[in-house]
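# Structural overview
Below, each chain spelled out in residue letters.
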Amino acid sequence: MCGIAALFAYRDAAPAVERAELDAIAERMRPRGPDAGGVWLSGDGRVGLAARRLAIIDLSPEGDQPMHDVNGELHIVFNGEIYNHAELRARLQRFGVQFRSTSDTEVLLELYRHDGARMIELLRGMFAFAIWDARARRMFVGRDPYGIKPLYVADDGATFRAASTVKALLAGGRVSRAVDPAGAAGFFLTGSVPEPFTIFDAVKPVEPGSSFFVDERGPSPPRRFYSVAATFARALDQETIADLVAPSALLRELVVESLQYHLVADVPVGAFLSAGIDSTTLVALTHEAKHAAPRCVTLQFDVARGTEADEAPLAERFARDIGAPHTTRLVTRDEVVADLPRFFDAMDQPTIDGTNTWFVSKAAAEAGLKVAISGVGGDELFGSYPSFRDVPRMVRMNAVPPVGAVAAKLMRNPKAKHFTLGRTWAGAYLLKRGLFMPDDLPQLLGRDVADEGLKRLDLLCRIDANLAPDPGTAFGRVATLEAAMYMRNQLLRDTDWASMAHSLEVRTPLVDAALTRQLAPLLLANGAKCKRYFAESPRPPLPEWLRTRPKRGFGVPLAQWMELAADGTSTRMRSWSRVVWERFF
Amino acid sequence: MKILVLCTDAYGGHGGIALYTRDLIEALAAEGDVVAIPRVVRHELEPIPPNVTFVAEAARNMRAYMRAVGRAVRERFDLVVCAHVNLLPVARMFRCKTVLWIYGIEAWKPTRRGAALVRGVQGVASISDITCERFLNWSCFAGPTFLVPNAIHPERYGMRPRNEALVQRWSLAGKRVLLTLGRIVAAERYKGFDEVIEVLPSLPDDVVYLAAGGGSDLPRLQAKARDLRVAERVVFTGPVDEREKADLYNLADVYVMPSRGEGFGFVFLEALACGVSVIGSRHDGGREALRNGELGLLVDPSNPAEIRTAILDVLAQPRREVPAGLAHFTFDNFQPRVHSLLGELIDEI
């Protein structure tokens, strides 16, 4: 886990890469990698790589970055973890490759030499990397299937720049800070800036599950190697496979396998623990997989103490029952207010979320952890959000036009007048997940910015594009949209910056392309029942008092502490978004 | 000692389970007298070992089966080996110490009354750990369990030159051959035929796929090969004569079966016994047949990139040899394994 940067002055007319720019970019990412740092410039000054390192696999200096091969032909900066690096290493060794370290970074380097661009399809992990291939004078850039690890690029037509964070790219001083109206509109519509935009016009995210080359002509179009929609579409004719094994047994096998990969580390791996099914089941299965329970961290908010919203007593009871070392970390309003300046400084792009991860990561770091596993992604995988019920229902209701129109009039929610948007899957999803509606934007951004932003954003088309090829079932469609929109643009992005601000690596065993591929037939066949099967998968199954507890969100009572106005929604997130917008810039 | 074996098929049966049961009966016969009552006899009987009474007429119909069972009930047995979960109600009629033998998918999911019937069993022997784990998950069986993997008779296989008649029959001259052998029926789509056909377009043109076996799902697979424009590179052999099996394996450069439903995958052992490099699945019994990767490469059957890469890797390093590790599964090791485990079971019982 690191912060990386790669610069390539690919046009002859472009000025050479400056060390000062690389240094500034790397310095902005220091919390992402406090253990070591390095900068490399090619002899001709056309290419520069920089990295900050949080050492987790191979703690020795042999794993430092930028890393170079013995011939000086290949150079890499890499952020993330390759969980199957040992298998890939063994395979390369069968072909005679000799390694100098035990680091996964070196495996990437040699895998690229052996398999070229298709190497990316063999990786199991979370990753973003850039490899400078001096032989071909081109840079190979790639990002993991779900976009767990961030990577942003800025291309001015002469120099290509890439870095782990938007703010780091800006810190180099050569990238424009002009706000992208599409990013701004996207933030107010969804609560986060939806890819393929960022809040700054000159900066774009690398598409998750894709790779591309940059040569003297500039970046090539990205090649997609993974899509959630295609995964579900492929599973449609695999019903017989879903029916072979009892669901809880299959879930147990595959999640334990995912955990075994995600627990690969040369430092202790802890866990975030709430009283929800995902985190408790993961901790129980980790206990079985490693024959020892991980150190667990739970948040407790002073305003929630003694109420039903307080998860700490249940988490403590669960941890005690399975013998896990456990820390409950109390968070007070004063601490939240005191942390806000640092919180907004670390926030890489505007978002209405991230506070929960900020504090639980802070608590984990205080407990001495460098790595923690999280149950994030479980709701998307097992279909436990209300959207899995409500989005198909909206689409069904809108299939009968008078019903949609009447519902629009009767509902009190401020989004209700747009109810007929729900005649398409994209529209229904936006209605369910949206923060503001398009006609609210002029008031928030001014009419010109709102109009331009909405036009460029074209959000409904972008949401809809995620559904190609058609995942085939209502469950598959909503699961795809949740993974491609909410999880990618908000959950995973916020998890990254909010944890890295505390030099903590968060691992997500339930956000794993291999796991989704393996489970897809079962998920399509069983839908939201899979959550119950998941809770039954440990031996013994989760206790009844945890399994039957109503689902609750894992959120910081921000609105209450900040005394925010309700502004039409029960969560008061619309008001919080205005605060974020003001404080971010 | 007198042992009753209740089985689906054994002598006169084709396929991995029939073969396994024959080996099991032979191993048990070294211990005492064995009476075996099959449900199915489809082919000519192989030689029956001494000490074994194989009640072939029981397979004629249900009445004949129940008559055979009725006769057996009047006898006294020291042990009943019940070789299928669905035969547990029959085993129960004997009011005798019972060992349930499990092979694969028949034991991976709860069966009607299965959990209740299993409670009357004193031991469970499984062909693989994965089958045992999946069985325990639903049955909650708390008694002793034992691992008794398949046996291979290497002398029936061996490396040999390609059979020219088969090469000509299937136009394999100058081609590199991938092979999968299995029943091609809708209920067994877990074999991995689909997955191999899907990666074929990304493999070199001289690589052809021998999809060996017959079944009702053939037209669907043929259509898939046409859709992917690899129809001319896929040979559907139809049902394979047992006598041609060793020659069939010897045609292959790679035996590849990225399956998800094999309890063990005896075909892997057969291919290895012919010196063929093997690619199996990480997510079913194939993993154990290949001894966690010691005897062949393991892939995630849901990942086409892994399957493709494994095939290319094997083709890049062609090697024909019977691996020494195959000895772990020879009948010479199977027999004492059965007897020692059975001895433990009987003591336990």
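Residues numbered from 1 in each chain as written. Chains lettered and ligands numbered in written order. Predicted model: local features only at pLDDT ≥ 70, side-chain atom pairs only at ≥ 80, totals over all residues.

### As for the confidence of the model for chain B
Operational definition: pLDDT expresses how confident the predictor is about each individual residue, on a scale running from 0 to 100.
Across chain B, the average pLDDT comes to 94, with 99% of residues at 70 or higher. As scored by the predictor, the complex reaches a pTM of 0.93 and an ipTM of 0.91.

### Observations concerning the interface of chain A and chain B
We count it as follows: Residues are treated as contacting if the C-beta atoms built from their backbones sit within 7 Å of each other. Starting at the N terminus, helices and strands are each numbered in turn, a helix being any DSSP run of H or I of at least four residues and a strand any DSSP run of E of at least two. Amino acid classes used here: Ala, Val, Leu, Ile, Met, Phe, Trp, Tyr, Cys and Pro are nonpolar; Asp, Glu, Lys and Arg are charged; the rest, including Gly, are polar.
In this assembly, 13 residues from chain A lie in contact with 21 residues from chain B. Going through the elements one at a time, helix H7 (239-242), helix H8 (247-262) and helix H21 (513-526) of chain A are the ones with two or more residues in the side of chain A that touches chain B. For the side of chain A that touches chain B, the leading source of residues is H21 of chain A, giving three residues. When the residues that make up the side of chain A that touches chain B are grouped by side-chain class, the tally is seven nonpolar, three polar and three charged.

### As for the packing of helix H2 (residues 85-94) of chain A against helix H3 (residues 104-115) of chain A
Two quantities define a packed helix pair, namely the angle between the helix axes and the distance between the axes. All names here are of chain A. Threshold: Every angle, taken between N-to-C directions, lies between 0 and 180 degrees, and every axis is a line fitted to C-alpha atoms, over only the stretch in contact when it is a helix. Relative orientations are named as follows: roughly parallel for angles under 35 degrees, roughly antiparallel for angles over 145 degrees, roughly perpendicular for angles from 65 to 115 degrees, and oblique for any other angle. Should the near helix be turned anticlockwise from the far one by less than a right angle, the crossing is left-handed, and should it be turned clockwise, the crossing is right-handed.
Taken N-terminus to C-terminus, the directions of H2 and H3 make an angle of 45°; their axes are 10 Å apart at the nearest point. With respect to each other, H2 and H3 are oriented oblique. With respect to the hand of their crossing, H2 and H3 are arranged in left-handed fashion. Note on element contacts: H3 touches H2 through Asp-104, Val-107, Glu-110, Leu-111 and His-114, opposite His-85, Leu-88, Arg-89 and Leu-92. Partitioned by chemical class, the residues of the contact of H2 with H3 number four nonpolar, two polar and three charged.

### Some thoughts on the pairing of strand S9 (residues 207-212) of chain B
All names here are of chain B. The condition is simple: Neighbour counting defines burial: a residue surrounded by 20 or more other C-beta atoms within 10 Å of its own C-beta is buried, one with 12 or fewer is exposed, and intermediate counts give partly exposed, using backbone-placed C-beta atoms. Strand pairing is assigned whenever DSSP identifies at least 2 bridges connecting the two strands. By definition, the crossover connecting two strands over a helix is right-handed if that path, from the first strand to the second, turns clockwise as seen with the strands pointing away from the viewer.
Burial of S9 is extensive: five of the six residues sit out of reach of the surface. Pairing of strand S8 (residues 176-181) with S9 involves six bridges; the strand directions are parallel. Bridged to Leu-178 within S9 is Tyr-209. Chirality of the crossover, the property in question, places the unit of S8, helix H7 (residues 193-199) and S9 among those that are right-handed. Here four bridges tie S9 to strand S10 (residues 234-238), and the two strands are oriented parallel to one another. For Ala-212, the partnering residue across the bridge sits in S10 and is Gly-238. Assessed by its sense of winding, the connection that carries the chain from S9 through helix H8 (residues 218-227) to S10 is right-handed.

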